[in-house]
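Letter by letter, the chains look like this.
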Amino acid sequence: VGKKVQAIYLWWHKPVIDKELLQSLPNLKVIANSGVGMDHLDLKLIASFGVKMANAPRAVSSSTADTGMALLLASARRLVEVHNISISPTMEYCEAGILGVKIAGATLGIIGMGRIGYKIALRAKAFEMNILYHNRTRRKVQEEQAVGATYCKKIDSLLQQADFVMVVVSLTPQTHKLIGKRELELMKPTATLINISRGAVVDQEALVAALQTGVIRAAALDVTSPEPLPRDHPLLKLKNIIITPHLGIRTDKTTYMITEEAVENILAALNGLPLPSEVLPS
């Protein structure tokens, strides 16, 4: 059926798009991805076959922003720890040993103020947080004012000031291990790192060391490298970390919306129309 295939809808990175597959589908016109991140695709290779590509930014942004805030709140109030205490047979604990961190008045540093990053800022404003952000390009003044966000031209300035650092960037060669030993050491010892982008954006070995030695207070990760982590990975043995299995967009309504957005892009491509969410090779 290779000659009949004109579109591919990728769900959770499957099927794998490689040269062999592309060569077997001579009439392929479009590949639609079920998410925003496209780091699992060789965009230049796909474009060389004359195939268009699209992602689903509109569908996933709100759910991903919700996940970021959920991780921030869960880590700040130590929800996993106190849940385990609450269901333990003895329920013995010292109140001073489970103190959380107050959210209102705390400073959130957002690295990557795109569509998702901006929705996180909107949510953080409702929690009365002070908002800093670092981005390749500065947002419009009116957009900053709407959420009370302050632009940090240099990432170092954000890292030094933030109580919570949330990473919301795409994985590119430039952002690979963007947060490493140096960046973690710039953060406050009371700060929390939250990663909802891609696991490889953070140097995991450096993060393990930082959490073990108190360089930073805690971390909350929806993404790791690899996924899932090996069961003997040192991150899984730490108490000051929360890890979720890349569930940023996993809600019932979002799954439906992703499919709708993918179909919209596929139909546009098949009818020779502009793709609403087209992704071009950089």
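Note that this is a predicted model, so its numbers are computed, not measured.

### A short note on the side chain of Asp-203
When you line up the elements, Asp-203 lands in the loop between strand E8 (192-195) and helix H9 (204-213). Those residues within four positions of Asp-203 in sequence are excluded, and the remaining contacts are Lys-177, Ile-179 and Gly-180.

### Quick notes on the sheet that holds E8
Pairing in this open sheet of 7 strands is parallel, and the strands run E6-E5-E4-E7-E8-E9-E10 from one edge to the other. At either end of the open sheet lies a strand with only one pairing partner, and these are strand E6 (149-151) and strand E10 (241-243). Taking each pair of neighbouring strands and ignoring which way they run, the sheet shows an average axis angle of 15 degrees. Two elements, strand E4 (residues 107-111) and strand E5 (residues 130-134), share 5 bridges in a ladder whose sense is parallel. Its bridge partner being in E5, Gly-109 is matched across the sheet by Leu-132.

### Here we look at the packing of aromatic side chains
All chains considered together, the criterion is met by 2 aromatic pairs. Centroid distance Tyr-133 to Tyr-151: 5.2 Å. Interplanar angle 50 degrees. Geometry classified as tilted. Pair noted here: Tyr-133 is in strand E5 and Tyr-151 is in strand E6, with a separation of 18 residues, a long-range link.

### Overview of the UniProt feature "domain: D-isomer specific 2-hydroxyacid dehydrogenase catalytic" (unreviewed entry) in the chain
As annotated by UniProt and renumbered to match this structure, "domain: D-isomer specific 2-hydroxyacid dehydrogenase catalytic" (unreviewed entry) occupies residues 10-279. Strand forms 13% of residues 10-279 and helix 38%; the C-alpha atoms that close the span are 14 Å apart.

### As for the sheet that holds strand E2 (residues 30-33)
Across a sheet, strands are paired by hydrogen bonds formed along the backbone, either parallel or antiparallel in direction. One open sheet accounts for 3 strands, arranged E1-E2-E3; its pairing is parallel. Looking at which strands have only one partner, the edges of the open sheet turn out to be strand E1 (7-10) and strand E3 (52-54). Ignoring which end each strand starts from, the neighbouring axes of this sheet average 15 degrees apart. Contacting E1, E2 and E3, helix H10 (residues 252-270) runs over the sheet at an angle of about 160 degrees to E1.

### Points about the domain arrangement of the chain
Annotation of the chain at the domain level lists domain 1 (2-58 + 250-279) and domain 2 (60-243). The straight-line distance from the C-alpha centre of domain 1 to that of domain 2 is 31 Å. If you look at the interface, domain 1 gives 10 residues, while domain 2 gives 6 residues. Counting each side, the surface lost to burial between domain 1 and domain 2 is near 750 Å², with a carbon and sulfur contribution of 50%. The largest share of the area that domain 1 buries against domain 2 comes from Asp-39, Pro-57 and Arg-58, three residues that together contribute 49% of it. In this structure, the connection of domain 1 to domain 2 is made through 1 salt bridge. With a closest N to O distance of 3.0 Å, Arg-198 and Asp-39 form a salt bridge. Across the contact surface, domain 1 and domain 2 share 4 residue pairs in polar contact (both at pLDDT 80 or more).

Rules used throughout
Residues numbered from 1 in each chain as written. Predicted model: local features only at pLDDT ≥ 70, side-chain atom pairs only at ≥ 80, totals over all residues. Heavy atoms only, no water. Helix = DSSP H or I, 4+ residues; strand = E, 2+ residues; numbered from the N terminus. Contact = heavy atoms within 4.5 Å. Pairing = 2+ DSSP bridges. Axes fitted to C-alpha atoms, helices over the stretch in contact; angles between N-to-C directions. Phe/Tyr/Trp six-rings, centres within 6.5 Å; stacked < 30°, edge-to-face > 60°. UniProt positions renumbered as here; feature names shortened; annotations may be inferred. Domains from an automatic or database assignment. Buried area = accessible area lost by both parts, 1.4 Å probe. Salt bridge = Lys/Arg side-chain N within 4 Å of Asp/Glu carboxyl O. Polar contact = N/O pair within 3.5 Å; in protein donor to acceptor, adjacent residues only side chain to side chain.

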